[in-house]
Amino acid sequence: MTIDLQRCTGCYGCVMACKQEHSTPSGIHFRRMMFEEVGEYPKAKRIHAPVQCNHCAEPPCVPVCPTKATYKRADGLVLVDADICIGCGYCMTSCPYEHRHFVGDKLEHFDEGLTPHELKGGEAGHDWDSKRDTVVKCTFCQHRLDKAKETGLTPGVDREVTPACVNTCPSNAMEFGDLDDPNSPISRLIEARQGFPLLPEAGTKPSIFYLPGDTTPGSD
């Protein structure tokens, strides 16, 4: 995935789309916005970027899992098997991006109880009740990507098999595609725009690249 910081307006559309798609429990957001102020008055600027699980090629959350509940698929997705997750939190500690979340007792957002959408588990159909006391994270909309194998559709091209956050972005700031193919459109985009991952020093080889924006401190 790429996120173009020149196009991203910080509108929270992707955050809301993710929440709608997964209907995550109260207090859990698979995707959120990060804000930071750079520069000094009178030329200080506020920069922003959406952040989430990076589905790293070298995910530190995988080897620390004592039950092998966290695993990496052949296509690069890093997922959690809730049936064998014991909620120990080792993966949460190991993630340098802090994008793993413990599911506690409170699932609902309102005192009146779960809404029909929450009961359904969002468009993704999560059974959140069965995931209490486990750790969860962004799945890159696994339920959508898996349909690509059945339908022959292409993630990143066909909306039905593309992550909800990408689909909803009003400024088309995100692209989704095959990073293993050096000739894929997304690989060429990263090379042309000198895309960069977050915390490269962590050595996790993230699968999300940010395309530089106008973040020069003090620039107009």
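What this report covers is the structure whose coordinates are included nearby. Quantities reported herein were computed from a predicted structural model and do not represent experimental measurements. (Residues numbered from 1 in each chain as written. Predicted model: local features only at pLDDT ≥ 70, side-chain atom pairs only at ≥ 80, totals over all residues. Heavy atoms only, no water.)

### A closer look at the pairing of strand β2 (residues 31–38)
And step 1. Looking at chain direction, β2 and strand β3 (residues 45–52) are connected through eight bridges and run antiparallel. When the bridges of β3 are listed, R32 appears paired with V51.
And step 2. Hairpin connection from β2 to β3: six residues lie between these consecutive antiparallel strands, with G39 at a positive phi of about 80°. (Pairing = 2+ DSSP bridges. Helix = DSSP H or I, 4+ residues; strand = E, 2+ residues; numbered from the N terminus.)

### With respect to the pattern of salt bridges
And step 1. Taken as a whole and judged by the stated rule, the model has eight salt bridges.
And step 2. We note a salt bridge from D4 to R7, for which the minimum N-O separation is 3.9 Å.
And step 3. Judged by its relative accessible area of 43%, R7 is partly exposed.
And step 4. The shortest N-O distance in the salt bridge between D75 and R73 comes to 2.6 Å.
And step 5. Assessed through its relative accessible area of 44%, D75 is described here as partly exposed.
And step 6. Counted as one network, the salt bridges with shared partners bring together D4, R7 and R193. (Salt bridge = Lys/Arg side-chain N within 4 Å of Asp/Glu carboxyl O. Buried < 20%, exposed > 50% of the residue type's maximum accessible area, 1.4 Å probe, protein only.)

### What about the layout of surface pockets?
And step 1. The calculated volume of the largest pocket comes to roughly 720 Å³.
And step 2. Around the largest pocket, the lining is made up of 32 residues, and of these D75, F176, G177, D178 and L179 lie nearest the centre.
And step 3. Residue assignment for the lining of the largest pocket shows that the elements contributing at least two residues are α4 (142–151) and α6 (185–193).
And step 4. Among the elements that line the lining of the largest pocket, the one with the most residues is α4, at four residues.
And step 5. When its residues are assigned to classes, the lining of the largest pocket shows 16 nonpolar, seven polar and nine charged.
And step 6. Counted as a void, the second largest pocket has a volume near 320 Å³.
And step 7. What lines the second largest pocket is a set of 21 residues, among which V80, H126, K131, T139 and Q142 lie closest to the centre.
And step 8. Mapped by element, the contributors of at least two residues to the lining of the second largest pocket are β5 (78–80), β7 (135–136) and α4. (1 Å grid on protein atoms, 1.4 Å probe; cavity = no way out; pocket = protein on both sides within 12 Å on 5 of 7 lines; lining within 4 Å. Points joined across faces, edges and corners; volume = space filled by probe spheres on them. Nonpolar A, V, L, I, M, F, W, Y, C, P; charged D, E, K, R; others polar.)

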